[in-house]
Structure formats: C-alpha cells, structure tokens
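Descriptive analysis of the structure
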Amino acid sequence: MEIALRWAEIAGLIAFAVSGYLEAERRGMDPIGHFALAFVAAFGGGTLRDLLIDRRPLFWIHHHEWVVAVLALSLLLPWFTRRRARPWVERAVQWPDAIGMGLFAATGTALAFDVGLPALIAVMMGVITATFGGVLVDVLCNEVPRIFRRTELHATCAFAGGWAYVGLDALEAPRSLAIGGAAAVAFALRMLAVGRGWRLPALDRGRSGIG
Amino acid sequence: MEIALRWAEIAGLIAFAVSGYLEAERRGMDPIGHFALAFVAAFGGGTLRDLLIDRRPLFWIHHHEWVVAVLALSLLLPWFTRRRARPWVERAVQWPDAIGMGLFAATGTALAFDVGLPALIAVMMGVITATFGGVLVDVLCNEVPRIFRRTELHATCAFAGGWAYVGLDALEAPRSLAIGGAAAVAFALRMLAVGRGWRLPALDRGRSGIG
Amino acid sequence: MEIALRWAEIAGLIAFAVSGYLEAERRGMDPIGHFALAFVAAFGGGTLRDLLIDRRPLFWIHHHEWVVAVLALSLLLPWFTRRRARPWVERAVQWPDAIGMGLFAATGTALAFDVGLPALIAVMMGVITATFGGVLVDVLCNEVPRIFRRTELHATCAFAGGWAYVGLDALEAPRSLAIGGAAAVAFALRMLAVGRGWRLPALDRGRSGIG
C-alpha cells in the first residue's frame, strides 16, 4: 500500500506539472513561464496548505529533487507536444490528474489531522492541496479560476475524498489504507462526474438581470 | 464594550462574507465559487496579516465554527437573493460592511501593536486586515482591485481608523475603548465619504497620453 | 564593498518602487493604488522568499523606515511625472532596476544559503526575490505576468546571477565579494539582453493551432 501510494503521488505530481505546462504553452509563454506554471500547478496547493498550518520545511524545499524533475519536465515537454502528439499528451494526463487530485485531497486532510486540526478544517486543507495549484495557474493566466465556475465537480470530489479520510480514520483504519481509500473515493467520483458530465448548478442572476 | 465589539465583529464578518458571495453570484459562479469568495472576503485580510506577522493559529483555524457559518451562509444565500430580494440584501450589507471595515482596521492595528510592531507597520496591518479580502476577491474575479482605483476612501478610512487606535492607545485608553473608538472613526469617515461621494484624486495620464 | 552593496540595494529598492508606481499611474489608479503597487514592487519578492523559507521578521517590518520611504515616494512622484518628465523618469529607472534585479537575486540566494538550503532552491529564492514583485504588480493590474511571456531574459539573468553566487561561494570568496560579483553577472547579462534584444524562444502552438 505504501509503495502504491508513493507511485500514485509521483504520477499525480507529474500530471499536475504537465497540465500547468500545457496551460503555459497554450498561451505562448516562454521557458520561464513553462517552468513557473508547471511548478505552481504541482506545488501551489501543498505550499498554501503548509503556509496556513505552519508546517516546515515546505515539501519541495525538503525534496528538492522534485524541483529538478519539474524543471527537466518543463524543458523536455516542448519536444513531446510538437507535431500531433499534443492531443495525446492532454488525454494521457487526465487519469493521473484525477489520481493526483484524489490523493492530494487525502494526504492534505491527513497532514492537517496530524497537527490536531478539527475535521472540517482538515478537509478544507485537503481541498486546498488538491485544487489551489490550478487556481493559481488560472490567476497567473488572467482567468477566473475554473473550479469556481466550470462546475465539473472538481473541488466537490476533493471535498468528498477528504470526508472519506475523516470517516476511515474514525473507523480506525490504518493510515495508508485510509489515504488510499479516500483517494479512491475522490477519484471514482471525479471519473463519474467527467464521464456523465455532472455539474453543480450555477446561478447566473447578476448577468441575466432577472434576480 | 467587550460585548458590543463581539457583536460588531460578527456583523462585520457576515457582511464581508455576503459581499464576497454576491460578487461570486454576479459572475455566475457555482457553489464552490460562492463559498470560496465568501470565505476569502471574510478571512482573506486577517489571514494575510497573520502570515505577515507570524501569528498562529490563524483566526478561522482557531474558531472553525466561523468556517461552518460562512459555508452555511454561502449555501443559504441563493434562496434570499432570489426574486426581488437581491437589491435589499445589497443595501442591508452596506452598514455592517462599513462597521466591519472600521473594526477590522482597529483590531488589526491592535494585534500588530501587541507583538511590538512600530505604529506605521501596525496601521498598515490594520488596513490589510480591513481591505485585503476585497482585493483578493477582485483578483479572483479577474478585476483590477477596486480599492486601487474606485477611490471611494475605503483604504483611506481604514488608515485613519488605524491611526486613531494608535492615538487612543498613546492616551492610555483601555483596549476595548481604543478599538471601539478607532472603529467609530473609520466607520464615520466611510459613511461621510459614501454619502458625499468623496474620492481621492486619480491620475489618468498614461491613458490620456498627456503626461 | 559593504558600503557599495548598501547603496546598490537602496538604488534597487527605489527603482523597483518607482516602476510599480509608474504602472499604477499608467492605469489611472488613485494614491492608494500608487502606494500599494510601489510597495508590492519593492517588497513583494523578498516577502514571498521570507514566507517560503520562514525567515522573520520580514525585511520591511524590521526596517520600517523603508515603508515610510516608499510611502513618501508614492506621494511625491506625481509631481515628477507631470508634464514631460515622465519619459525621463522611465529611462532613469532602467539602470537601477537592472542593478536591483541583479543584487536581489544575489542576496536572495545568499539568504537562502544561510539557512542551509540546497543550491538549486537557494537560486530559485534569488530569482523569486528579484522577480516576484513584478509578477504581483502584473497580477494586480490584471495582466499575464510579463516575465512569463515578454521573454526579455529577466528571470534568466536573475537565475544566472544566483548560480554565479553559488559558484563564488564554492570558491570561498568573501560574502560581500560573492554578492557583488553575482549581482554584476546578472546586471551585465541583463544589459546585454536589453541592448541586443535577446529573448528566449516562445512557443505559440496553442493559439496557432498547428501543434
């Protein structure tokens, strides 16, 4: 289980970094932008969580080999997205992206639980870990963050995964099982939502002027 | 006085959360966006202040019942803003919003004073507490922050309130009196500014091309 | 050398603050916006670095005379940018801006080295110190950060300067010499890049739809 979680984390971080890179490339950024957005997508969520709960050193400062990996990735990816490989990269990233979302929601919740935070706050930290990197990428790209409007059950799945961890922990499941189970819940819900096009209802009163 | 301040703080936090929610609704966001913007509007300023002066745990982590309250508010508000109640909600929020601005400027200044910061920095922390939530909401909505351009004496009032606290503290006023007095100064100035349409002069040289 | 570095730091901070101010003026902001953007441009990079490596108190909280200086600058500058002096101010700022960039890259790297961070992370902290203020100004002005797209070898020069510090430190150069040398490397590279119009290659596949 431990080893499975380790590989899932690696897959998730790479998927997040690649999605940040693709966003930078789509907007015609240069290598600095490629690296910055890949980095922010991969580590932004965990960094905000650690700043909020005062946990040091930051993940990527402690494991700086990850920064090297993201740097290498952002320099190598232009070769893979050339020609017609780009749609393939975008599709290949979807699964590990959902895995990463589920796993970071679970580990974020677990880390906040470890420092004694109450359940709701811990789950919020899980959601922040899973989603804030994407929010930051959107802000840097001058967009209203997608998870606030695209309504594709992204943060909602992370929220469900966080509560699944809280439940499994209350049932005294071993830590790695609770994390794996919570990640699986978030992942399954996300895949269902993407497959069936589930969305949260959005209000559009201000614009339509009805309200 | 203590009790009055407690109630004023509650009114202010609710008003800030409602104004964040209304902004999210105006832009057609979904429930995730509603909660995120209500949360950021209510706690963004205090969170930045606490990160900058290294004060832990953060207010909303310590009092997590407040997170529950903002979550409930963001889920319930769509029912209240339906039909023709929306303009009423927007008006009802103006007063507690100004109260919150004044109070958070005063408490932010006081908290920074407590950890031994010099007066100017403490006042800046008061201004940050009172205004940064709104700045963050504007950034997340993809707007240039209104307090940098709308010039409605918003940050200016918070600034005046912070210095009022410094003055009252120097006169050895009891803490709750100093906070209440400073909040009243900021609130009164804000109400005057809104009523009379006072604004700071803005330069528009770059655009007009005269400069 | 120490004294030269001190003066270079002052020149750099002023240049950064002026460039933030000019951006605010260009967008027709009011005095609150002028001060906010001057402040963010001057201290944003160092503040993020200190938050990430948990170094307290923050530079501008410790040396709050600098906050007074930036406040005074933002109030006085409108008189200097009146009439036809504005182009002159913009040109006059270029040199100290490049000096500041080089110096903050060097000092940021040195400070991160002091707390025992590995070389790559230390260099990243140098780059953050030198460039993040500008990123924040662009975000607050509702722009995609220029250093991610304008590709004028800005972050790249800071990166080179950071590694120059690492190299000089490995050669056991005295600290002030290592900082001065690293700053000179970044500055010279920047001046070359501006003079010759060097840029990093940018990909524009997403937009052109070829890829």
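Notes on the structure follow.

A count of helical and extended segments in chain A gives nine helices and zero strands. Reading chain A from its N end, one meets helices and strands in the order α-α-α-α-α-α-α-α-α. In summary, chain A has a C-alpha radius of gyration of 17 Å against a globular reference of 17 Å for 211 residues, a match within 12%. Overall size of chain A, expressed as C-alpha extent along the three principal axes, is 55 × 50 × 30 Å. Relative to its full complement of 211 residues, chain A shows a buried share of 55%. The contacts of chain A with a sequence gap of at least 6 include a subset with a gap of at least 24, amounting to 73%.

Taken together, the 35 residues of chain A in the interface contact 31 residues of chain C. Summing both partners gives a buried area of about 2600 Å² for chain A against chain C, and 68% of it is carried by carbon and sulfur. Inspection of the region where chain A meets chain C yields one salt bridge. When the shortest N-O distance is used, the salt bridge between Asp54 of chain C and Arg56 of chain A registers 3.8 Å. Taken together, the connections running from chain A to chain C amount to four residue pairs in polar contact (both at pLDDT 80 or more). Those elements that place two or more of their residues in the side of chain A that touches chain C are helix H1 (2–26), helix H2 (31–53), helix H3 (59–62), helix H4 (65–80), helix H5 (86–114) and helix H6 (119–140) of chain A. Examining the composition of the side of chain A that touches chain C, we find that 10 residues originate from one element, H2 of chain A, more than from any other. Along the lines of polarity and charge, the residues of the side of chain A that touches chain C split into 19 nonpolar, seven polar and nine charged.

Moving on to the relation of the copies chain A and chain C. Superposing chain A onto chain C takes a rotation of 120° plus a shift of 0.0 Å along the axis, which leaves an RMSD of 0.0 Å. Those values place the two copies in the arrangement expected of a three-fold rotation axis. For chain A, the residue whose C-alpha comes nearest the rotation axis is Asn142 of chain A, separated from it by 3.7 Å.

Moving on, we get to the relation of the copies chain B and chain A. Its rotation angle being 120°, the transformation that places chain B on chain A also includes 0.0 Å of axial translation and leaves an RMSD of 0.0 Å. When you check the interface residues of chain B against chain A, a mere 9% turn up at the interface there too, and the two sides of the contact use different surfaces.

This brings us to the packing of aromatic side chains. Geometrically, a pair of aromatic rings is defined through the distance of the ring centres and the angle of the planes. Residue and element names in this part refer to chain A. A full pass over the atoms with the stated rule returns 24 aromatic pairs over all chains. Arranged with centres 6.1 Å apart and planes meeting at 80°, the rings of Phe113 and Tyr165 form a pair that is edge-to-face. With Phe113 in helix H5 and Tyr165 in helix H7 (residues 155–170), the pair connects residues that are 52 residues apart, well separated along the chain. Relative accessible area serves as the criterion here: at 2%, Tyr165 is assigned to the buried category.

Here the residue pair Arg56 of chain A and Pro57 of chain A is connected by a cis peptide bond, since its omega of -10° sits within 30 degrees of zero. Inspection of the secondary structure puts Pro57 of chain A in the loop between H2 and H3. Of note in this structure, Asp54 of chain B is not a glycine but carries a positive phi near 60°. Taking relative accessible area as the criterion, Asp54 of chain B reaches 33% and is therefore assigned partly exposed.

Parameters and conventions
Residues numbered from 1 in each chain as written. Chains lettered and ligands numbered in written order. Predicted model: local features only at pLDDT ≥ 70, side-chain atom pairs only at ≥ 80, totals over all residues. Heavy atoms only, no water. Helix = DSSP H or I, 4+ residues; strand = E, 2+ residues; numbered from the N terminus. Rg over C-alpha atoms; globule rule 2.2 N^0.38 Å. Buried < 20%, exposed > 50% of the residue type's maximum accessible area, 1.4 Å probe, protein only. Contact = heavy atoms within 4.5 Å. Buried area = accessible area lost by both parts, 1.4 Å probe. Salt bridge = Lys/Arg side-chain N within 4 Å of Asp/Glu carboxyl O. Polar contact = N/O pair within 3.5 Å; in protein donor to acceptor, adjacent residues only side chain to side chain. Nonpolar A, V, L, I, M, F, W, Y, C, P; charged D, E, K, R; others polar. Least-squares fit on C-alpha atoms with pLDDT ≥ 70 in both. Phe/Tyr/Trp six-rings, centres within 6.5 Å; stacked < 30°, edge-to-face > 60°.

Function cannot be inferred from these measures alone, as they are strictly geometric.
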